[in-house]
Amino acid sequence: MSSIDLKLVIWRQKDSDSLGDFETYTLRDVSTDMSFLEMLDVLNEKLTLEGKEPVAFDHDCREGICGMCGAVVNGVAHGPEKENTLCQLHMRKFKSGDAIVIEPFRSLAFPIQKDLMVDRSALDRIIQAGGFVSVNTGGAIDGNTIPIPSKTAELAMDAAACVGCGACVASCPNGSAMLFTSAKISQLSLLPQGQPERKERAEAMVAQMDKEGFGYCSNERECEAVCPKGISIRNIARMNREYLKSMLFGE
Ligand code: SF4
Ligand code: FES
């Protein structure tokens, strides 16, 4: 096991009404086997023992599936590892003496709650607007007996991999949630069970996205570059088609 010494430059903010600022900490003997969140745990233990306020950050599963974790590490949402959540980033990616700047996922629609924690409930409200199937689709046997071309099933599963972390929003210069929304629309619109509510779904989810204050896609592709699940911007093209067909032709 090897260990490294780090300088951590972390955004500290008491609550959404306070002004925040960066604070610098030195952390020695960090095991390179640790995950990034374990490194923050060690820092927080140190701060607590010193009688200081620990750094607030979101996390849950710590295995890359729940979408709760996330911070901007040296300017990149979820850090330097491609297609990786912050909880799956490991300290072996860093060298001794490195300075690591850690910031929250900043966006107009994601108000900062405390330190690295942001309120991402705007994404939940987009799902509540239509990201579900409410018609009767039968039981498991029906699901298993409806033939679906394997390519279509793969595309739907690829879209369904979105964990709702919001890294796409944080990395977009327009603060757009179109990668997230398009993944959720795509996973349902590709499958037979999603067809009856297809039109209403696209209209309602896009309308909610606008209402929450997310910006529009201008093809920067920053979202795709940082997405931990490799969600393709082809889903945005599909969402735009779904929306336009619904608005223009009522299909
Ligand atoms: S599209 Fe990717 S980056 Fe955006 S919320 Fe889903 S998993 Fe996170
Ligand atoms: S903590 Fe669940 S994906 Fe990172």
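Residues numbered from 1 in each chain as written. Chains lettered and ligands numbered in written order. Predicted model: local features only at pLDDT ≥ 70, side-chain atom pairs only at ≥ 80, totals over all residues. Heavy atoms only, no water.

Is there a simple way to think about the overall build of the protein chain in this case?
When helices and strands are counted, the protein chain shows nine helices and seven strands. Judged by the C-alpha coordinates and their principal axes, the protein chain covers about 60 × 40 × 30 Å. In the protein chain, 69% of the contacts between residues at least 6 apart in sequence involve partners at least 24 apart. By element, 51% of the accessible surface of the protein chain is carried by carbon and sulfur atoms, the whole surface being about 12800 Å². Put simply, the protein chain has 27 plus and 35 minus side-chain charges, and the middle of one group is 4 Å from the middle of the other. (Helix = DSSP H or I, 4+ residues; strand = E, 2+ residues; numbered from the N terminus. Contact = heavy atoms within 4.5 Å. Areas by Shrake-Rupley, 256 points an atom, 1.4 Å probe, with all protein chains shown as cover. Lys, Arg positive; Asp, Glu negative; His and termini not counted. Charge placed at Lys NZ, Arg CZ, Asp CG, Glu CD.)

Which parts of the structure should I look at to understand the packing of helix α6 (residues 178-189) against helix α9 (residues 234-249)?
What describes two packed helices is the angle between their axes and the distance between those same axes. Interhelical geometry of α6 versus α9 gives an angle of 70° and a closest axis separation of 8 Å. The orientation of α6 relative to α9 falls into the category roughly perpendicular. For the crossing formed where α6 meets α9, the hand is left-handed. Where α6 abuts α9, its residues Met178, Leu179, Thr181, Ser182, Ala183, Ile185, Ser186 and Ser189 lie against Asn235, Ile236, Arg238, Met239, Asn240 and Glu242. When grouped by side-chain class, the residues that make up the contact of α6 with α9 number six nonpolar, six polar and two charged. (Axes fitted to C-alpha atoms, helices over the stretch in contact; angles between N-to-C directions. Parallel < 35°, antiparallel > 145°, perpendicular 65-115°, else oblique. Left-handed = near helix turned anticlockwise from the far one by under 90°. Nonpolar A, V, L, I, M, F, W, Y, C, P; charged D, E, K, R; others polar.)

Could you clarify how one ought to interpret the pairing of strand β1 (residues 3-12) in this entry?
One face of the sheet, then the other: side chains in a regular strand alternate in exactly this way. For β1, a buried count of seven out of ten residues is recorded, marking the element as mostly surrounded by other parts of the structure. By the bridge criterion, nine bridges tie β1 to strand β2 (residues 21-31) in an arrangement that is antiparallel. The residue of β2 that forms the bridge with arginine 12 is aspartate 21. With four bridges joining them, β1 and strand β5 (residues 99-103) adopt parallel strand pairing. (Buried < 20%, exposed > 50% of the residue type's maximum accessible area, 1.4 Å probe, protein only. Pairing = 2+ DSSP bridges.)

Is there a simple way to think about the sheet that holds β5 in this case?
Sheet strands pair by backbone hydrogen bonding; their relative direction is either parallel or antiparallel. The five strands lie next to each other as β2-β1-β5-β3-β4, forming an open sheet whose pairing is mixed. Bordering the open sheet on either side are β2 and β4 (76-77), each of which pairs with just one other strand. Inspection of the sheet shows strand β3 (residues 72-73) paired to β5 by two bridges, in the antiparallel sense. Looking across to β5, one finds that valine 72 is bridged to glutamate 103. The sheet contacts of helix α1 (residues 36-49) involve β1, β2, β3 and β5, and relative to β2 the element is tilted by about 105°.

In this structure, what is going on with helix α4 (residues 150-160)? I would like to understand it.
Side chains of residues three or four places apart in an α-helix project in the same direction, reflecting 3.6 residues per turn. Residues of α4 that are buried include every one of Thr152, Ala156 and Ala159, and no others. Projected down its long axis, α4 shows its buried positions confined to an angular sector of 60°, all on one face. Turned more than 90 degrees off the buried face of α4, the exposed positions are Ser150, Lys151, Glu154 and Met157. As for α4, its buried residues are in contact with α6 and α9. (Arc of directions from axis to C-beta.)

Please clarify how helix α7 (residues 198-211) should be interpreted in this entry.
Its 14 residues give α7 an end-to-end C-alpha distance of 20 Å, which sits within 8% of 20 Å, the value for a rise of 1.5 Å per residue. Arg201, Ala202, Met205, Val206, Gln208 and Met209 are the residues of α7 that are buried. Taken around the axis of α7, the buried residues stretch over an arc of 160°, which confines them to a single face. Of the residues trailing α7, glycine 213 is marked for its positive phi of about 95°. (Expected span 1.5 Å × (residues − 1).)

I would appreciate a short explanation of the side chain of serine 107 in the present structure.
Within the fold, serine 107 resides in the loop between β5 and β6 (112-114). Once you skip the residues sitting within four places of it in the chain, serine 107 turns out to touch Val169 and Gly175.

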